[in-house]
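# Commentary on secondary and tertiary structure
The residues making up each chain are set out below.
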Amino acid sequence: MSQPERTKFMKRKTTYGLALSGGGARGIAHLGILQALEENDIIPVVMSGASMGSLVSVGYALGLKPKEMLQLIEEEVKPFSLTNTNLSRNGLFSMKKVEKIFREKAVPDDFSTLNIPVYVTVTNLNTGKFEIHSKGPLVSYTLASATIPLVFKPVVIDDVYYVDGGLTKNMAAQILEGKCDIVIGINVNHIAQENSFKRMRDVAARTYHLAVHNTIRDELDYCNYVVDPPETTKFSPFDFQKAAEIYEIGYREGLKLAELLKKEEAKKTSFFSNIFKKTSSK
């Protein structure tokens, strides 16, 4: 390898891919993590998302900044307010506000309009299987990925009914393999031991989280790093009014991750530098 080639190789930065899990309001932690990574000049080259992770990854790839998305959640997007009520037989609420924001940004309405590739997970209600999409109608697939059954009306695309991707694949890490150097999985549904269940909704929430967690077990094997903030257990998937607190949890975790990644990058640079020095001296 010539000296110019060596210099170019040594200066090449490691590329990162982020696999963002679903989790409702807990997914706001993704925004804090992205903010911390950005501040440390760590920008993903590819992303995947399920449910809330899809909204975040697509929003980010459309050019929305993490703090901008946080502000939108706090001021504009109130999924469980009366203004979003949709009393139909298929769902209690609508995502019209979210859809409006995305349609204003996604022109044309296609995955090709994104600044970086994004893969979104959806559940095909007709077949009962998960699908991962990176082509076609961007807004429809993104909304479908975050469509919690019974809470939101299913999204129909080409006569197929789609709902929350987190039901069947709450983190899509394998799809990022080969598209970046390092795959980072971010799970905002930490599973900790629970000692008591005082209400039926506590049992229901615990059952749902365990079921969803089982959909990511195999995906974790494809991650070089996994971020799994324990503090997310303090919040329910519907705690959107606590967006700032959840964001801060993600931000703190993101700073830790950024420090780790920068240390690993420094080690790699030092390692190859020593190899090149030894080769040159021969």
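Everything discussed here concerns the structure shown above.
Residues numbered from 1 in each chain as written. Predicted model: local features only at pLDDT ≥ 70, side-chain atom pairs only at ≥ 80, totals over all residues. Heavy atoms only, no water.

### Topic: helix 4 (residues 66-75)
- Among all positions of helix 4, only Pro66, Met69, Leu70 and Ile73 are buried. Taken around the axis of helix 4, the buried residues stretch over an arc of 105°, which confines them to a single face. (Buried < 20%, exposed > 50% of the residue type's maximum accessible area, 1.4 Å probe, protein only. Helix = DSSP H or I, 4+ residues; strand = E, 2+ residues; numbered from the N terminus. Arc of directions from axis to C-beta.)

### Brief notes about the pairing of strand 6 (residues 129-133)
- Where strand 5 (residues 118-124) and strand 6 come together, five bridges link them in antiparallel fashion. Residue pairing for strand 6: Thr123 is matched across the bridge by Phe130.
- Linkage of strand 5 to strand 6, two consecutive antiparallel strands, is achieved through a turn of four residues, within which Gly128 is found at a positive phi near 80°. (Pairing = 2+ DSSP bridges.)

### Concerning the pattern of salt bridges
- Inspection of the entire model under this criterion finds 11 salt bridges.
- One salt bridge in this structure joins Lys13 and Asp41, with 3.0 Å as the shortest N-O distance. You can see Lys13 sitting in the loop between helix 1 (3-11) and strand 1 (16-20) and its partner Asp41 sitting in the loop between helix 2 (29-39) and strand 2 (46-50), a full 28 residues away along the chain.
- Overall, Asp41 belongs to the exposed group, its relative accessible area being 53%.
- For Glu264, the salt bridge identified is with Lys267, shortest N-O distance 3.6 Å. Taken as a pair, Glu264 and Lys267 lie in helix 8 (residues 243-281) at a separation of three residues, close to a single helical turn. (Salt bridge = Lys/Arg side-chain N within 4 Å of Asp/Glu carboxyl O.)

### Considerations on the packing of helix 2 against helix 4
- Relative to each other, helix 2 and helix 4 sit at 155°, their axes nearing to 8 Å. For the element pair helix 2 / helix 4, the angle class is roughly antiparallel. Helix-helix and strand crossings are classified by hand; for helix 2 and helix 4 the assignment is left-handed. Counted together, Leu31, Leu34, Gln35 and Glu38 of helix 2 and Pro66, Lys67, Met69, Leu70 and Ile73 of helix 4 form the full contact between these two elements.
- When its residues are assigned to classes, the contact of helix 2 with helix 4 shows six nonpolar, one polar and two charged. (Axes fitted to C-alpha atoms, helices over the stretch in contact; angles between N-to-C directions. Parallel < 35°, antiparallel > 145°, perpendicular 65-115°, else oblique. Left-handed = near helix turned anticlockwise from the far one by under 90°. Contact = heavy atoms within 4.5 Å. Nonpolar A, V, L, I, M, F, W, Y, C, P; charged D, E, K, R; others polar.)

### What about the packing of helix 2 against helix 3 (residues 52-61)?
- Where helix 2 meets helix 3, the closest approach of the two axes is 10 Å, and the angle between their N-to-C directions is 35°. With respect to the hand of their crossing, helix 2 and helix 3 are arranged in right-handed fashion. On helix 3, the residues touching His30, Leu31, Leu34 and Glu38 of helix 2 are Gly53, Val56 and Tyr60.
- Counted by class, the contact of helix 2 with helix 3 contains four nonpolar, two polar and one charged residues.

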